[in-house]
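# Chains, contacts and geometry: an overview
One-letter residues, chain by chain:
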Amino acid sequence: MALASKKKNYGKLALARHKKLRGKLEVISKATLANRDDWSTFYTPGVAAVSLHLAKYPSHAREYTIKRNSVAVVSDGSAVLGLGNIGPFGALPVMEGKCALFHTLAGVEAFPLCIATQETDEIIEVVKNISSTFGGINLEDISAPRCFIVEERLKKELDIPVFHDDQHGTAVVILAGLINALKLTQREIGSIKIVINGAGAAGTAVTKLLLSCGVRDILICDTQGIIYKGRGLGMNRFKEELAELTNPGGIKGGLSEAVKGRDVFIGVSAAGVLKKEMIKAMAKEPVIFALANPVPEIMPSDALDAGAGIVATGRSDFPNQVNNSLAFPGIFRGALDVRAKVINEEMKVAAARTLAGAVSEDRLKRDYIIPKGLDYSVPPLIASAVAKAAIESGAAGIIKDPEKIADRTKKFIYEGELGII
């Protein structure tokens, strides 16, 4: 009888592999420097002609440099995965991984910038001062409420897309999963009642995106309980805004009160906070998105035992993994290719609907509501949909055929070539 295979220790494996590779990224030149003509063309003296041209016409930088296909992945290390405030060196291997996903899934050249300050104004100044090199900025693992201020200011002051993935990438993938979960449980998005546990970066963005898609009744809980207008404890201007947008009935109390009669629970909070008794108090066969990592708000088996109809987590070892890697590579591919100045609501909704539609009707089931993380068919679809939405909403700087963008992305994924369109 064969011995059962041991479960891999991915922490030990990661330490060994990272040490062997000395990091996950390297810079490779597209230009061949094989002879004197090459040197004279790509470096001095020939490069001076390119420099003088761009000094005169800065808007041409995307035609002559890496700017057209480059993204800065920026973090201050203040909210890294489920590890908390572990600083820039703790953030660096995670940001490297993010950059590897950008490249592998969409051919985007991304570079990690882990900043040794957690002062809001200093982060903003650093990003502004390096922005001329990049076609987009991906903010990552910056704690709330600082992340809101940083993104808000940079969006106003830069002419390239600024996207906080912890907020908007999470919201896109949650919306996609929810669209399919509602199909399976025969619910309409305009009539459902949702409770969101967690009022940080992800919870705030999820709330706003769901409201923009027709959800009318959302309760949000933080560590002090349900957010409502006039609550004094633990509030700030961002939570005050949420209070204006949500809780139309003025309900007060904690999570136990918030879940009563609700159709959907979305957890972007902490391990173990959702109990079986709470699920039993929800509507029949509720949809449970328990997305805390590495330990969810409730384990899937417990949620199903308590009567949940569909359960999703953030983990790859359970069905229905909600993971940002399904969204952000394709979103940036589409935005970069049409030189979008922003990633707006229309582009995010298009990404979510496309991601939901990537699971065909015949494959859709309660333990498969969203594509798996390594589904390479997804990024080209999202890139095309985002580019189309950018063009139609007026966010695009140039017009490109969305289908050609999809084909180009697909060619890179499967053949390693990112052609010019």
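Figured I'd write up the structure that's included with this text. Every value quoted in this text rests on a predicted model; they were computed, and no experiment measured them. (Residues numbered from 1 in each chain as written. Predicted model: local features only at pLDDT ≥ 70, side-chain atom pairs only at ≥ 80, totals over all residues. Heavy atoms only, no water.)

### Some remarks on helix 10 (residues 237-245)
The set of residues buried in helix 10 consists of Phe238, Lys239, Leu242 and Ala243. The buried residues of helix 10 all sit within an arc of 145° when viewed along its axis, so they share a single face. Across helix 10 from its buried face, at more than 90 degrees, point the exposed residues Arg237 and Glu244. Looking at the packing, one finds that the buried side of helix 10 touches helix 7 (146-157), helix 9 (201-212) and strand 6 (217-222). Structurally, the start of helix 10 carries an N-cap: the backbone nitrogen of phenylalanine 238 is 3.0 Å from a side-chain oxygen of asparagine 236. Phi for asparagine 247, located one or two positions after helix 10, is positive at around 55°. (Buried < 20%, exposed > 50% of the residue type's maximum accessible area, 1.4 Å probe, protein only. Helix = DSSP H or I, 4+ residues; strand = E, 2+ residues; numbered from the N terminus. Arc of directions from axis to C-beta. Contact = heavy atoms within 4.5 Å. Polar contact = N/O pair within 3.5 Å; in protein donor to acceptor, adjacent residues only side chain to side chain.)

### Topic: the pattern of salt bridges
Within the structure shown, the criterion is met by 25 salt bridges. Put simply, lysine 128 and glutamate 125 hold a salt bridge, and the shortest N to O gap is 3.6 Å. Here glutamate 125 and lysine 128 lie together in helix 6 (residues 120-130), a separation of three residues that amounts to about one turn. Its salt-bridge partner being glutamate 241, residue lysine 208 comes within 3.2 Å of it at the nearest N-O pair. Remark: glutamate 241 occurs in helix 10 and lysine 208 occurs in helix 9; sequence separation between them is 33 residues. Take lysine 208: its relative accessible area is 34%, and that puts it in the partly exposed class. Shared partners join several salt bridges into a network, and the residues in it are Asp121, Glu125, Lys128, Arg153 and Glu157. (Salt bridge = Lys/Arg side-chain N within 4 Å of Asp/Glu carboxyl O.)

### Let's talk about helix 16 (residues 378-393)
With 16 residues, helix 16 should cover 22 Å at 1.5 Å per step; its first-to-last C-alpha distance of 22 Å lies within 8% of that length. Turning to helix 16, its buried residues are Val378, Pro379, Pro380, Ile382, Ala383, Ser384, Ala385, Val386, Ala387, Ala389 and Ala390. Buried residues along helix 16 sit against helix 5 (87-106), helix 14 (328-337), helix 15 (345-357) and helix 17 (402-415). Of the residues one or two after helix 16, glycine 394 is the one with positive phi, at around 85°. (Expected span 1.5 Å × (residues − 1).)

### A closer look at the sheet that holds strand 4 (residues 162-164)
Spatially, 2-1-3-4 is the arrangement adopted by the four strands of the open sheet, whose pairing is parallel. Where the open sheet ends on each side, the last strands, each with one partner, are strand 2 (109-114) and strand 4. The average angle at which neighbouring strand axes cross in this sheet is 25°, direction not considered. As paired elements, strand 1 (residues 70-75) and strand 2 share six bridges and run parallel to each other. From the neighbouring strand, serine 70 faces strand 2, where its bridge partner is glutamate 109. (Pairing = 2+ DSSP bridges. Axes fitted to C-alpha atoms, helices over the stretch in contact; angles between N-to-C directions.)

### Quick word on the sheet that holds strand 10 (residues 310-313)
By definition, the strands of a sheet pair up through backbone hydrogen bonds, in either a parallel or an antiparallel sense. Judged by pairing direction, the sheet is mixed, and its six strands sit side by side in the order 7-6-5-8-9-10 without closing on themselves. Looking along the sheet, the strands with just one partner apiece sit at the ends: strand 7 (225-226) and strand 10. Relative to strand 8 (residues 264-267), strand 5 (residues 193-197) runs parallel, the two being bridged by four bridges. Paired with isoleucine 194 across the two strands is valine 264, which belongs to strand 8. Sheet strands touched by helix 8 (residues 165-184): strand 5, strand 8, strand 9 (287-290) and strand 10. Its angle to strand 9, the strand with the most contacts, is close to 155°. In the packing of helix 9 onto the sheet, the strands contacted are strand 5, strand 6 and strand 8, and the crossing angle to strand 5 comes to about 165°.

### A look at the pairing of strand 6
Across the six residues that make up strand 6, a large majority, six, are buried. Of the two faces of strand 6, both are covered, the one formed by Asp217, Leu219 and Cys221 as well as the one formed by Ile218, Ile220 and Asp222. Bridge analysis of strand 5 against strand 6 gives five bridges, and the strand direction is parallel. The residue of strand 6 that forms the bridge with isoleucine 196 is isoleucine 220. Between strand 5 and its parallel partner strand 6, the chain crosses via helix 9, and the hand of that crossover is right-handed. Both strand 6 and strand 7 contribute to a ladder of two bridges, which runs antiparallel. Paired with aspartate 222 across the bridge in strand 7 is glycine 225. Connecting strand 6 to the next strand, strand 7, in antiparallel fashion are two residues. (Right-handed = clockwise from strand over helix to strand, strands pointing away.)

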